[in-house]
Structures are given as structure tokens and as C-alpha cells.
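Take a look at the letters that make up each chain.
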Amino acid sequence: MGLSLQKGGNLSLTKTDPSLQRMVVGLGWDERGTDGADFDLDASAFLLNASGKVRGDHDFIFYNQMVSAEGSVTHTGDNRTGEGDGDDEQIKVDLTKMAEDVDKIAITVTIHDAEQRNQNFGQVVNAFIRIVNEDNGNEVVRFDLTEDYSTETAMVFGELYRNAGEWKFKAVGQGYAGGLGAMCGQFGVNIG
Amino acid sequence: MVNLTKGGNAPLSSNKVQVTVAWQDRNPNAEELDVSCFLLTDAKKVRSDNDMIFYGQRQSSDGSVRVKDLAISDGSGRKTSFVTELDKLGSDITSVAVVGTTAAGPVSALERLSVTAAPDGSDPVVFDVPTSDATEAALILGELYLRNGQWKFRAVAQGFNGGLAPLATNYGVIIDEPASPQPAPTPPSPPPAPAPSVNLSKVTLTKDKPSVSLAKKSEGFGQIEINLNWTQTGGKKKGIFGLKGKAIDLDLGCFFEMSNGQVGAVQALGNTFGNYEQAPFIELAGDDRTGAVSGGEWMRINGSQWHNLRRVLVYAFIYEGVPNWASADGVITIYIPDSGPVEVPLNEASNLGMCAIAEITNDNGGIKFSREVKYFPAHPQMSEQYRYPLQWRAGRK
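Rules used in this analysis
Residues numbered from 1 in each chain as written. Chains lettered and ligands numbered in written order. Predicted model: local features only at pLDDT ≥ 70, side-chain atom pairs only at ≥ 80, totals over all residues. Heavy atoms only, no water. pLDDT = per-residue confidence, 0-100. Helix = DSSP H or I, 4+ residues; strand = E, 2+ residues; numbered from the N terminus. Contact = heavy atoms within 4.5 Å. Pairing = 2+ DSSP bridges. Axes fitted to C-alpha atoms, helices over the stretch in contact; angles between N-to-C directions. Core = buried A, V, L, I, M, F, W, Y, C linked by side-chain atoms within 4.5 Å. Buried < 20%, exposed > 50% of the residue type's maximum accessible area, 1.4 Å probe, protein only. Buried area = accessible area lost by both parts, 1.4 Å probe. Salt bridge = Lys/Arg side-chain N within 4 Å of Asp/Glu carboxyl O.

**Concerning the confidence of the model for chain B**
All names here are of chain B. This prediction gives chain B a mean pLDDT of 80; 81% of its residues lie at or above 70. For chain B, the element scoring lowest by mean pLDDT is helix α4 (residues 388-395), at 46; strand β10 (residues 125-128) scores highest, at 97. For the stretch residues 178-201, pLDDT sits under 50, and the model shows 31 contacts to residues farther than four places along the chain or on other chains. Model confidence for the complex is summarised by a pTM of 0.62, with the ipTM given as 0.86.

Following this line, the structure appears as C-alpha cells:
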């Protein structure tokens, strides 16, 4: 089991798991058993420069743009219901392929149409987001969304960032009003 | 007080938690709410039908979840509450779902709906359930659940438009086919009973003579006493010799329906002993589990209030021991002042744990005793068969 970080907690990935170069951000939840609109959770990644903005819209990796320009970040595809065991959506991050001017990668999780559907993470069964070392399968960090972020509808899960020559992970766990669109605005992505 | 919104959760500081569901109908003639608790394993399934606690099965087999109040008046609305002792639950039970079901139509027919989890000695956790756009007819209001060794409460408000059946199926409860719209078939009408108000010699209701009637009396019927007695294995009468070995313990109880439509049960299990002076005007004498009370178990009906009762279904169930009705040789005797006793022997074999023995019906102010002697696995099947739940809902309209 990985560490469960508190909000704002920092984790030196290089020190915690020196082998960590390729990682999988896994988002999982259970399919809805009750009547009503499906719970559609989405994992996304923003590749950010030193000023906290994307270099271009291609730095926003999500269900409609699944690979970054350098191939450093790959989205495995959209799961709209949570059907299936384990991770239902994955974003693969290869730190060795990261461009020099990418200083930070923000990982976000949002509920699609949360406002219209009047949904939050607490209504979803067994929703979690985690980081796993792809090379050895170890879970590095995990957030239980259902339990600990129950009233949120969108959040910045965490940030991978460069610090003194190593990659660190900062657990942000910050709820976000307005969903994915608002996040795009903050990170400088133009959405049509 | 901790207020939760939908999806939210809060820790419970005690393992003894009273769960109360309170509601108010938008239209006073509208639908009622039935509240149930489901004891669930990690897989979110019941272990057996015994894990559904509701009006027809008022406590879990280990006593950890019990109905305390059932749809009692609560200011402008009603409330149903449960006592839960979470540390007494089997270790395989990791959550208890609290469910509200409307008799017909969606939950949006309710003006107000809330669920409160009150841990012993500390702040209650309250969830005001939004009902205005709820399309569900069965709603999981909240759940008590175990997480990292700590019991917590979650505000759920999700459910099933199709009502209790899909919800119960979701939890792995086996639902019988709906009862037929007609009451349970009773044997063909017997010849008229001997003239009332004369002392009837002892009447034994049998298959061939399944019912007897007493005409209305202006002064009422006085105290009607119902006795359950049975023979212990080896032919020893209970009450003379203690409970030993393969002894079985029978409990006496009844379902009742008041003339105002109120429905309920009087039995030792769940401590619903009833009340002789007030509704339901039926009271169970102390439970004869120790054998201290000689002559089996007794229940009294206040015959001067007979006009307040529509019908009473007298039953016995095997509290302890292997169901073997034939060797128990049980008999129900009903004593009515100024009339001879009416006796119903339980002389048919069955390996089911419950026996509906006799139905006592208000027949235009008179009393009709009908032999039933039909066996059921447990309370739910019996209440379903005799349509007490349906009458219960309809009766509140």
C-alpha cells in the first residue's frame, strides 16, 4: 500500500522510490448500482511551465487528446461508467521523456456534468485516484475520493514537479468549483 | 449537531447509535414511508433474509439492530427509529443501509425527509434528504459503515425508481412474488356457531370446523385471554420441568389491525409487549422463557375496546430449538367471559419456524375466530401472506 498523504503533503518520489521513472496515475470507481445518471469521472493532466501555464493547448491531456507531443504523457481512454475492476482510467507518465521546459504536471480528477447531474465524489462508490510505479507495480500514493473528498466535484489531485534535480509529488487535494473548464482557464488552455 | 449534504460522511463516536428517519407527507392523505435496515457484508449483500430489519422482522438475529419506534407521530409528521449496537454485529457485517420506501409513487411525495444517526452521548449526525426531484420509490437514505476500524455515517440519497423489489434484489434479498390481491384463502364457511351469549361448551377448531363466531355485545367482551401451551420433548409439560436438552421454546405473538388502519405486532421479540388499556388494547404477559410462569404464555385482549380492533392474527414461533411442531403438541386456547373457551390444536407437522394459528376478526362488532394453522419460515412471509403490510399502508390513507 502506498502512502496516504494529507493535503499539501510533499513526497520526494526519487527518494521514496528511486526506481520511479514511469508511473501510472490510476483513477477507479464502481459502476452505479442505483437508478440515475452514471457517474463519469475523468482524469486529466496539464503539462505546465515555470509560470504554471501550459505551453500550448497540446499540453492538456484528457479524453479527447490522449497523448502529449513528446509522448511523455498518455491517457488510456475514457471510461464513462466505472465498469471494470481496478483502475478505470489511467494516465501514464514517463518522466524520462519529459521536455526540459515542463516544470510541473498537474493531475486532476473531475466528474463530467457534475453540476447538471447534481453529483459529487461522495456519491460514487469506491472512487480513488492513485499513483503506481509502472516498473514494479508499487502504489506510491492514493487518495480515497469517496471518503475524504466526498463533497467535491472536481479537484487537483496533485502535482509532479522538479526540485533540485529530482521529481517530487505534492498532494494537493484541492477541490475546485466549475469543473474541468475552470481548470483549463486557470492553466491557460483555450477551450472551444 | 453535524449536518451532512448528499455524499458527505462523518465519524460516529459510539458504537451504540440510534437511527431515526422522520418524514412528513406533502398531502396528509398521501403515501406512507416504510423504513428498513439492511445488514450488509463487504460485497454489499445480506447474508440471508434475516438481515433485513423492518416492520415484519423487527430485530436482527443477534439483536444488534432493532426497531424502536415504528411510524409514530412526530409533531407534524412521523418517525421510525432503530437502535443499533454496532459492536454486536457479526464481524462479516461492514455496513448497515437505512432505506425508505414509499407505498406508491416517488419519494418526492414527501414534504420533509431526514435521517439522523445519533451516537450515544454525543452530537447527532443529520442528513436532510432532498426530496423535491426524487424519482425513486425506494431510497437508500444513509449508511452506517465500518472504515479503518471506525464506524461512520454516510448521506446517500440514491435508490430505485421501481421501489423495494429492485432495491432488495440489489442487496441480495430474495423477494417472494407479491401476495395475491385476495386475503389468504380461508376454508369454506362453517355452519353457524351455537347461539351467542350462552355459555358455549369448549369449542375446538379443526379443519372440519374451522371457525366460530360470537355476536356483538353492547357492553363489550371483557377480558379475552389467549394461552399458548405446549409439551416438552419426553412429554414433560413446560413450566413443570425446566428447559433441558432438546427442549423448544415457543413464543406467542400477534399481528393486529386497528379500526383506524394502524397495524402492528405484539410479541416478546423486540419488546413490543403491547398495552391493555391503550392502543392496541392487546398485551403480552411476561415471556415464559424460564418456565417460571406455569401454563405457557398468555396474551390479553381488552374486549371492552373490541370496536377499536379490526382483526388480530395470533401466531407462535419457535424461539429456540429445532422446529418440530408435531412433537411440541402445542395448543392455543382463547378464553372469553361468559363463553366457553375456543381451542386450536397445532397438530400438524412442519419444519418451518412460524405458525399462524388463528385469526380473530371483528365481524360487525362480533368476534369471529378462524383456525389458520399455516406454517411460514418467518415473520415477513406471514405478514405478506396475511396482507398486514399492505393493510398497513392502505390503512394510513
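**As for the sheet that holds strand β7 (residues 77-85) of chain B**
All names here are of chain B. On the basis of which strands lie adjacent, the open sheet formed by six strands has the order β1-β10-β9-β3-β7-β6 and mixed pairing. Both edges of this open sheet fall to β1 (2-4) and β6 (65-74), since each of them pairs with a single strand only. Neighbour to neighbour, the strand axes of the sheet diverge by 20° on average, direction disregarded. Where β1 lies against β10, three bridges are found, and the strand directions are parallel. Its bridge partner lying in β10, Val 2 is registered against Val 125.

**Here's the deal with the nonpolar core**
Residue and element names in this part refer to chain B. In this structure, Val 21, Phe 38, Leu 113, Val 115, Leu 144 and Phe 153 are the most contacted members of the largest nonpolar core, which totals 54 residues. If we skip the residues at most four places from it in the chain, Val 21 touches Leu 33, Val 35, Arg 78, Lys 79, Thr 80, Val 98, Leu 113, Ser 114, Val 115 and Leu 141. Counting 42 residues, the second largest nonpolar core, distinct from the first, contains Phe 256, Met 258, Ala 268 and Leu 284.

**Some thoughts on the interface of chain B and chain A**
In this assembly, 17 residues from chain B lie in contact with 14 residues from chain A. Interface area, chain B with chain A, both sides summed: about 1200 Å², of which 36% is carbon and sulfur. It is Lys 6, Arg 147 and Gln 158 of chain B that lose the most area in chain B upon contact with chain A, and together they represent 42% of the buried surface on that side. One salt bridge connects Lys 152 of chain B with Glu 147 of chain A, and the closest N-O pair in it is separated by 2.8 Å.

**Brief notes about the sheet that holds strand β6 (residues 89-94) of chain A**
Residue and element names in this part refer to chain A. As summarised here, the arrangement of the five strands in space is β5-β6-β2-β8-β9, forming an open sheet in which the pairing is antiparallel. Two strands in the sheet have a free side with no partner beyond their single neighbour: β5 (73-75) and β9 (139-144). For this sheet the average axis-to-axis angle between neighbouring strands, irrespective of direction, equals 15°. Pairing analysis gives six bridges linking strand β2 (residues 22-28) to strand β8 (residues 128-133), with the strands arranged antiparallel.

**A word on the pattern of salt bridges**
Summed over the entire model, instances satisfying the criterion amount to 27 salt bridges over all chains. Arg 311 of chain B serves as the salt-bridge partner of Glu 359 of chain B, at 3.2 Å between the closest nitrogen and oxygen. With Glu 359 of chain B in strand β24 (residues 354-363) and Arg 311 of chain B in strand β21 (residues 309-320), this pair connects stretches of sequence that are 48 residues apart. For Arg 311 of chain B, a relative accessible area of 12% puts it in the buried group. Overlapping salt bridges bring together Asp 144 and Glu 147 of chain A together with Lys 44, Glu 143, Arg 147, Lys 152 and Arg 154 of chain B as one network.

**Considerations on the pairing of strand β4 (residues 33-40) of chain B**
All names here are of chain B. Among the eight residues that make up β4, eight are buried, leaving the element largely enclosed by the rest of the structure. Across the two faces of β4 the burial is the same, with Leu 33, Val 35, Cys 37 and Leu 39 and Asp 34, Ser 36, Phe 38 and Leu 40 all buried. Alignment of β4 against strand β8 (residues 95-102), held across eight bridges, turns out to be antiparallel. By the bridge assignment for β8, Leu 40 is matched with Ser 95. In this structure, β4 lies alongside strand β5 (residues 52-53), joined through two bridges in antiparallel fashion. Looking at β5, one finds that Cys 37 is bridged to Ile 53.

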